[in-house]
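Descriptive analysis of the structure
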Amino acid sequence: MSDYALYLKLFFRVFISQVILEVIMKKKQQQAVSFLLAATLGSSLLAGGVQTAQALDASNDGSGKTVTDIPKPADPNGSIFKGEEWYDQRSVFEVNREDAHTSFYSFASVEDARIRNRDNSPAYQSLNGTWKFSYAQTPHERNEEFFKKDYDVSSWDDITVPSNWQTQGYDSPKYTDTRLPWEGVETPPLGVSPTVYNPVGSYRRDFTTPKDWDGKEVFVSFQGVESAFYVWVNGQYVGYSEDSYTAAEFDISKFLNPAGEKNSISVQVYRWSDGSYLEDQDFIRLSGIFRDTFLYCKDKNASLFDFRYTTDLDEKYVNASLNCEAVLRNYSGNAPEGYTVDTILFDAAGKEVVKQNLPVSFKDGEAQIKHTFAVQNPAKWSAEAPNLYQLVFVLKDPNGAIVETAGCNVGFREISIRNNGTNQAQIIINGQPIMMKGVNRHETMPKTGRHVTEESMIQDIKLMKQYNINAVRNSHYPNEPRWYELCDEYGLYMIDEANIESHGVNDQIPQSDPEWIKACKDRMRSTIERSKNHPSIIMWSL
């Protein structure tokens, strides 16, 4: 161990010990647990990985098992789960999940779409808050009836959503680097989920939809669930999804009761799934519904589904072309006519820069529009000068009434590589060479685990700016959507990363296995689609 690593290790342990002692003296037990959780990760990372994965695994990880290097046999009763999506179906990573699209909220006016405060959206309803919760140590003990319409969960515990259940008094966090987190407890066949110790969380809550949502297409959105989950509404199966760090959305329209009547939504989450082989990152392993969950509605005749833009600066990096595209969907089964979309660009002061009205023509339930604007000498975006515009799409019915609005920030910037392929290669932003001074960043908070607040994100950015850091890597997964907007606004160059890391078995998967490749491509696609409109992203790690 180097003197530097030893110093860091000892310093961090003494500091944390003092903090824990102080907290305990103040009888704040929950804070002590939180700081201890942070210390488990911090002492190993700050010491340059001095504590090995074996040593960490040998501690109490919540399983009651002692981890050694001697392989443990697979669960002899695990085969009863054969064929279930979470267990051994690596090519099945979603059932009935909607296609990936850019992260956005729908509004009813141009101004609201420009400002983008989701609380002002008539098409949005949060499902965050208190849910009923039941914890099972293994899939053998899971509740298989809780989603039924008349099932009584009144005696269950309450849990806060979003959160990781390990920060709510259930199970334990576990840290490993390259090892699969169940090593030493069980050795299932490659690509098969563990079952000796694999906690399952069952969530349920009631909700009603607004009266003006009658006749709308209604969706439920889960922004982050680790690692795999099933959904039921009013006792009826809706779907399934893997990939802990990108949104999973489902159309629940046909399962809902009329507006104003009570509905139930049930979610069953598996701590580990076959998808966990692709989520073997170096971090604290947590689980549960840890990001926002909400409902949103769409007009059945015509609605905005996705949009994107690109910017192209001229050879002198002065004037620009703004290329805009949008995809619309129809859920009524017909091909409505007469709809149009206004595409409008606003500057930072809210002044209209360019505008174009485009006709919409549906075919097979979908329509696409495209337009290129010539923008004279726009203010350019960079980490040093993060100038932003707002792009707004306004969908109108045949009578000219607004059906839906949506928008995003626009940053005019162009990325290139000078002397590419040589040892003199240089990244160029808007014609100027840049030096990236960056850090890796995990989404982890001592009290709430993987659920991070906007305040903490802003604090991270300000700390980076204070020390002249101009770049961040989202290690090792797509982050909370608001993080991207903040990096656009404050000015940080970003490397966005897909939720794919088979570290412990990277010599075995994905390799050339078409089933693993299919799952990997889905994760890559979801990463790009959700975040494609952010000027802060200058590089993808897929």
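The structure contained in this document is the topic of the report that follows. (Residues numbered from 1 in each chain as written. Predicted model: local features only at pLDDT ≥ 70, side-chain atom pairs only at ≥ 80, totals over all residues. Heavy atoms only, no water.)

**Considerations on the side chain of His 451**
By the element assignment, His 451 lies in the loop between strand S26 (438-441) and helix H6 (454-466). A polar side-chain atom of His 451 sits 3.4 Å from the main-chain carbonyl oxygen of Phe 290. For His 451, the residues in contact, after removing those within four places along its chain, are Pro 162, Ser 163, Asn 164, Phe 290 and Met 445. (Helix = DSSP H or I, 4+ residues; strand = E, 2+ residues; numbered from the N terminus. Polar contact = N/O pair within 3.5 Å; in protein donor to acceptor, adjacent residues only side chain to side chain. Contact = heavy atoms within 4.5 Å.)

**Some words on the packing of aromatic side chains**
Aromatic ring pairs are reported here in terms of the distance separating the ring centres and the angle at which the planes meet. A full pass over the atoms with the stated rule returns 39 aromatic pairs. Relative to Trp 165, the ring of Phe 133 lies with its centre 5.9 Å away and its plane at 40 degrees, an arrangement referred to as tilted. You can see Phe 133 sitting in strand S3 (residues 129-136) and its partner Trp 165 sitting in the loop between strand S4 (157-161) and strand S5 (174-176), a full 32 residues away along the chain. The pair Phe 133 / Trp 165 is uniform in exposure class, with both members buried. Consider the rings of Tyr 230 and Tyr 270, whose centres lie 6.1 Å apart with planes at 70 degrees: the pair is edge-to-face. Taken as a pair, Tyr 230 in strand S9 (residues 228-233) and Tyr 270 in strand S12 (residues 263-270) lie far apart in primary sequence, 40 residues in all. The class of Tyr 230 is buried, set by a relative accessible area of 8%. Given the relative accessible area of 1%, Tyr 270 is considered buried. Of the aromatic side chains, those joined through ring pairs into one cluster are Phe 81, Trp 86, Tyr 87, Phe 146, Phe 147, Tyr 151, Trp 156, Tyr 230, Trp 232, Tyr 237, Tyr 240 and Tyr 270. Positioned over the ring face of Phe 305 is Arg 329, at 3.7 Å from the centre of the ring. Its guanidinium or amino end placed over the ring of Trp 483, Arg 441 lies 3.7 Å from that ring's centre, counting from NZ or CZ. (Phe/Tyr/Trp six-rings, centres within 6.5 Å; stacked < 30°, edge-to-face > 60°. Buried < 20%, exposed > 50% of the residue type's maximum accessible area, 1.4 Å probe, protein only. Lys NZ or Arg CZ within 6 Å of the ring centre and 35° of its normal.)

**Describing the packing of H6 against helix H7 (residues 481-490)**
Two elements in contact, H6 and H7, have axes whose closest approach is 10 Å; the angle formed by their N-to-C orientations is 35 degrees. Judged by the twist between their axes, the crossing of H6 over H7 is right-handed. Residues Glu 454, Met 457, Ile 458, Asp 460, Ile 461, Lys 462, Met 464 and Lys 465 of H6 form the contact with H7, whose participating residues are Arg 482, Trp 483, Leu 486, Cys 487 and Tyr 490. When the residues that make up the contact of H6 with H7 are grouped by side-chain class, the tally is eight nonpolar, no polar and five charged. (Axes fitted to C-alpha atoms, helices over the stretch in contact; angles between N-to-C directions. Left-handed = near helix turned anticlockwise from the far one by under 90°. Nonpolar A, V, L, I, M, F, W, Y, C, P; charged D, E, K, R; others polar.)

**Regarding unusual backbone geometry**
Going from Val 161 to Pro 162, the amide bond is cis rather than trans, its omega being 10 degrees. In this structure, Pro 162 sits in the loop between S4 and S5. At the junction of Ser 475 and His 476, the peptide bond is cis and its omega measures out at 0 degrees in the coordinates. For Asp 364, which is not glycine, the phi torsion reads 55 degrees and is therefore positive. Structurally, Asp 364 can be placed in the loop between strand S19 (352-359) and strand S20 (366-375). Given the relative accessible area of 76%, Asp 364 is considered exposed.

**Quick word on H6**
Because the α-helix completes a turn every 3.6 residues, residues three or four places apart line up on one side. Between its terminal C-alpha atoms H6 stretches 18 Å, which fits the 18 Å expected from 13 residues at 1.5 Å a residue. Taken as a whole, H6 has its buried residues at Ser 456, Met 457, Ile 458, Ile 461 and Met 464. Along its buried surface, H6 packs onto S26, strand S27 (471-474) and H7. Of the residues one or two after H6, Asn 468 is the one with positive phi, at around 60 degrees. (Expected span 1.5 Å × (residues − 1).)

**Quick word on the pattern of salt bridges**
Pairing is possible between side chains that carry opposite charge, provided their charged atoms lie close to one another. In total, this model carries 29 salt bridges according to the counting rule given. Among the salt bridges present, the one from Arg 329 reaches Asp 99, with a minimum N-O distance of 2.9 Å. On the criterion of sequence distance, the pair formed by Arg 329 in strand S17 (residues 320-329) and Asp 99 in the loop between strand S1 (94-95) and helix H5 (110-115) is long-range, its members being 230 residues apart. For Arg 329, a relative accessible area of 14% puts it in the buried group. Two residues, Asp 171 and Arg 271, come together in a salt bridge whose shortest N-O distance is 2.7 Å. Here the residue Asp 171 occupies a position in the loop between S4 and S5, and Arg 271 occupies one in the loop between S12 and strand S13 (283-285), the gap between them amounting to 100 residues. Grouping residues by exposure puts Asp 171 and Arg 271 together as buried. Sharing partners across several salt bridges, the network here consists of Arg 116, Glu 454, Arg 482, Glu 485 and Glu 489. (Salt bridge = Lys/Arg side-chain N within 4 Å of Asp/Glu carboxyl O.)

**Brief notes about the environment of Ser 273**
Relative to the helices and strands, Ser 273 is located in the loop between S12 and S13. Along the chain, Ser 273 and Ala 228 lie 45 residues apart, while their C-alpha atoms are 6.2 Å from each other. When sequence neighbours within four positions are dropped, the list of residues in contact with Ser 273 reads Trp 86, Ser 193, Ser 227, Ala 228 and Glu 242.

**Some thoughts on a nonpolar patch on the surface**
A cluster of nonpolar side chains, contributed by Ile 528, Trp 540 and Leu 542, occupies part of the molecular surface with about 240 Å² of accessible area. With respect to the helices and strands, Leu 542 occurs in the segment after strand S29 (537-541). For Leu 542, a relative accessible area of 41% puts it in the partly exposed group. (Patch = residues over 30% accessible without salt bridge, like charges linked within 9 Å, V, L, I, M, F, W, Y side chains within 5 Å. Areas by Shrake-Rupley, 256 points an atom, 1.4 Å probe, with all protein chains shown as cover.)

**Here we look at the pairing of strand S7 (residues 217-222)**
Within S7, six of the six residues are buried, which leaves the element mostly enclosed by the surrounding structure. Residues of S7 alternate between two faces, with Glu 217, Phe 219 and Ser 221 on one and Val 218, Val 220 and Phe 222 on the opposite face, all of them buried. Taken together, the six bridges between S7 and strand S15 (residues 293-298) define a ladder with antiparallel strand orientation. For Val 220, the partnering residue across the bridge sits in S15 and is Leu 295. Taken together, the four bridges between S7 and strand S11 (residues 248-251) define a ladder with antiparallel strand orientation. Directly across from Phe 219, in S11, lies its bridge partner Asp 251. (Pairing = 2+ DSSP bridges.)

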